[in-house]
Amino acid sequence: MNKKTKLSGIGSEFHWSGLPEGPFLPWPIPHLFLALGRDAVCALWGMKKNKFSRGVLFVPDYFCPDVCKFWKDSGIKIRRYEDDPRWPHPNWHTLTPARGDCVLAVNYFGVRDGSVWKDWLKGNPRISLVEDHSHDPFSSWAKNSIADFCFASIRKIFPVPDGAILWSPRRHPMPPELENRDCSGSALKLAGMILKKEYGDTKGTSLLLKDTFRKFQVEGEKLLSESKGLNISPWSRYLLLNGIPQSWRIQRKKNVRLLLELLQENADFRPLFLDWPLGHCPFNVILVFKTNRYREIFRSRLISKAVFTPIHWKIDSGKGTHVFDLSSRILTIPVDHRYSSSDLYFIADNIKEISDGI
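Attention here is on the structure that accompanies the text. (Residues numbered from 1 in each chain as written. Predicted model: local features only at pLDDT ≥ 70, side-chain atom pairs only at ≥ 80, totals over all residues. Heavy atoms only, no water.)

Quick look at the packing of helix H8 (residues 246-263) against helix H11 (residues 341-357) now. For the pair H8 and H11, interaxial distance at closest approach is 10 Å and the crossing angle is 30°. As the angle between them shows, H8 and H11 are arranged roughly parallel. Viewed along their axes, H8 and H11 form a crossing whose handedness is right-handed. Contacts between H8 and H11 involve Asn-255, Leu-258, Leu-259, Leu-262 and Leu-263 from the first element and Ser-341, Leu-344, Tyr-345, Ile-347, Ala-348 and Ile-351 from the second. (Axes fitted to C-alpha atoms, helices over the stretch in contact; angles between N-to-C directions. Helix = DSSP H or I, 4+ residues; strand = E, 2+ residues; numbered from the N terminus. Parallel < 35°, antiparallel > 145°, perpendicular 65-115°, else oblique. Left-handed = near helix turned anticlockwise from the far one by under 90°. Contact = heavy atoms within 4.5 Å.)

Here's what the structure looks like:
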């Protein structure tokens, strides 16, 4: 059994990985860079003489609650419709927009086929459609979208302290550059990324260094979360300018396939997906455990092995029972471009060890 892994752990926030090297996957043109993905929707609602500001935004009930709260606090009227990453499409009966309203569609974990939304939009030409491609902004769905606007929170898949993108497949006019240029939160997070790399390079000998980079990460994220209408930092803009290295996306897809093969069948959980549409790259490996108790056992024991597994998403309010069911049992296993096959064997070995011990 492989017992060795990275000193800085698997998962958690990105460390500084230097200047990205090509060849690159380029961004759609034209586009608008922002600091945070949530501000893309607010930028659309804030445009003068824009149809978005007059209507209601329909958001899936399985979606990040912090982002929804931010939109509500920003004055956007929100209604929920039923959707679930386990389903092939939303519950269309719960999606009832009127003319002038806008619908948010989400490519959950980068593995959804966008054809159902294309068909829906053709049947609802007077409704505006905005798509969230944060988990794979280079999917076939994203590249062939016919939505009014698309956005992605790039910092979820790219080692930058801040960064998001907005574009219009239909070539609608774009919002202006955001006016808030306070980079203090991003600067703290960038310092945390650099110190995290230093911590790994020095073989984790300094607890002070670890405490410092964690403090910078936490304080920087707090400042970002408290911001509104924040423009992208100049350093993140520079790092993102050319696009995303092709090799990173290739490695992520390769890692997802390998870990799914290593996990095989297990009575304690099942993968949310085993395959995906052509031209897509999964965000990470997503597991759904048989109960919340089992999820928490695996999560806590993986953390003790320095494998940090986030939950997408923690949802504790709303109407849909399917939302609570999935939120209480889902777990994301990070397998992005930072990790080699030995890291994946380490993860799989530990998951098997936990399962055997229950």
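A word on helix H9 (residues 292-304). Along its 13 residues, H9 runs 18 Å from first to last C-alpha, staying within 8% of the 18 Å computed at 1.5 Å per residue. Following H9 by one or two positions, Ala-306 has its phi on the positive side, about 65°. (Expected span 1.5 Å × (residues − 1).)

Here we come to the sheet that holds strand E3 (residues 31-34). Strand order in the open sheet formed by seven strands is E3-E9-E8-E7-E6-E4-E5, with mixed pairing between adjacent strands. Looking at the sheet topology across the chains shown, the edges are occupied by E3 and strand E5 (78-81). Strand-to-strand, the axes of this sheet are offset by a mean angle of 25°, without reference to chain direction. Inspection of the sheet shows strand E6 (residues 102-106) paired to strand E7 (residues 128-132) by five bridges, in the parallel sense. Paired with Val-103 across the strands is Leu-129, a residue of E7. (Pairing = 2+ DSSP bridges.)

Let's shift gears to the environment of Val-285. Among the secondary structure elements, Val-285 is positioned in strand E12 (residues 285-289). Residue classification places Val-285 among the buried positions, given a relative accessible area of 0%. Through-space distance from the C-alpha of Val-285 to that of Asp-336 is 9.5 Å; in sequence the pair is 51 residues apart. What Val-285 contacts, discounting residues up to four positions off in sequence, is Val-256, Leu-259, Leu-260, Leu-263, Leu-331, Thr-332, Ile-333 and Val-335. (Buried < 20%, exposed > 50% of the residue type's maximum accessible area, 1.4 Å probe, protein only.)

Okay, the pattern of salt bridges next. Applying the stated rule across the entire model yields 16 salt bridges. For Arg-295, the salt bridge identified is with Glu-296, shortest N-O distance 2.6 Å. According to the relative accessible area criterion, Arg-295 is buried, its value standing at 5%. The residue Lys-352 makes a salt bridge to Asp-356 at a minimum N-O spacing of 2.9 Å. Of the two residues, Lys-352 and Asp-356 are both situated in helix H11; the distance of four residues between them amounts to about one turn of the helix. Connected through salt bridges with shared partners, the residues Glu-13, Arg-155, Lys-189 and Glu-221 form a single ionic network. (Salt bridge = Lys/Arg side-chain N within 4 Å of Asp/Glu carboxyl O.)

Here we come to the packing of helix H5 (residues 184-201) against helix H6 (residues 207-225). Interaxial distance between H5 and H6 falls to 7 Å at its minimum, and their mutual angle equals 155°. Overall, the two elements H5 and H6 adopt an arrangement that is roughly antiparallel. In this structure, the crossing between H5 and H6 has a hand that is left-handed. Contact residues: Ser-184, Gly-185, Ser-186, Leu-188, Lys-189, Ala-191, Gly-192, Leu-195, Lys-196, Glu-198 and Tyr-199 in H5; Leu-209, Lys-210, Thr-212, Phe-213, Phe-216, Gln-217, Glu-219, Gly-220, Glu-221, Leu-223 and Leu-224 in H6. Class assignment of the residues belonging to the contact of H5 with H6 gives a composition of nine nonpolar, seven polar and six charged. (Nonpolar A, V, L, I, M, F, W, Y, C, P; charged D, E, K, R; others polar.)

Here we come to the sheet that holds strand E11 (residues 269-271). Strand pairing within a sheet occurs via backbone hydrogen bonds; the two strands may be parallel or antiparallel. Reading across the sheet, the three strands line up as E11-E12-E14 and stay open at both edges, with antiparallel pairing between neighbours. Both outer strands of the open sheet, E11 and strand E14 (330-333), are each paired with one neighbouring strand and no more. When the angles between neighbouring strand axes are averaged without regard to direction, this sheet yields 30°. Two strands pair when backbone bridges link them, and E12 and E14 are joined in this way by four bridges, in the antiparallel orientation. Note on E14: the bridge partner recorded for Val-288 is Ile-330.

Attention now moves to the environment of Asp-162. Mapped onto the secondary structure, Asp-162 falls in the loop between strand E8 (149-152) and strand E9 (164-167). Judged by its relative accessible area of 1%, Asp-162 is buried. Each C-alpha atom of the pair Asp-162 and Gly-185 lies 8.8 Å from the other, and the pair is 23 residues apart in sequence. For Asp-162, the residues in contact, after removing those within four places along its chain, are Ala-35, Arg-155, Ser-186, Asn-231, Ile-232, Ser-233, Trp-235, Ser-236 and Leu-240. Within the structure, the side chain of Asp-162 is placed 2.7 Å from the side chain of Ser-233, a separation counted as a polar contact. There is a polar contact of 2.8 Å between the side chain of Asp-162 and the side chain of Ser-236. (Polar contact = N/O pair within 3.5 Å; in protein donor to acceptor, adjacent residues only side chain to side chain.)

What follows concerns the side chain of Asp-343. In this fold, Asp-343 is placed in helix H11. Among the polar contacts listed, one links the side chain of Asp-343 to the backbone nitrogen of Ser-340, at a separation of 3.0 Å.

Once that is clear, we can look at the state of the cysteines. The final tally for this structure, using the stated rule, is zero disulfides. Free of any disulfide, Cys-68 has its nearest neighbouring cysteine sulfur in Cys-64, separated by 7.3 Å. Judged by its relative accessible area of 3%, Cys-68 is buried. (Disulfide = S-S within 2.5 Å.)

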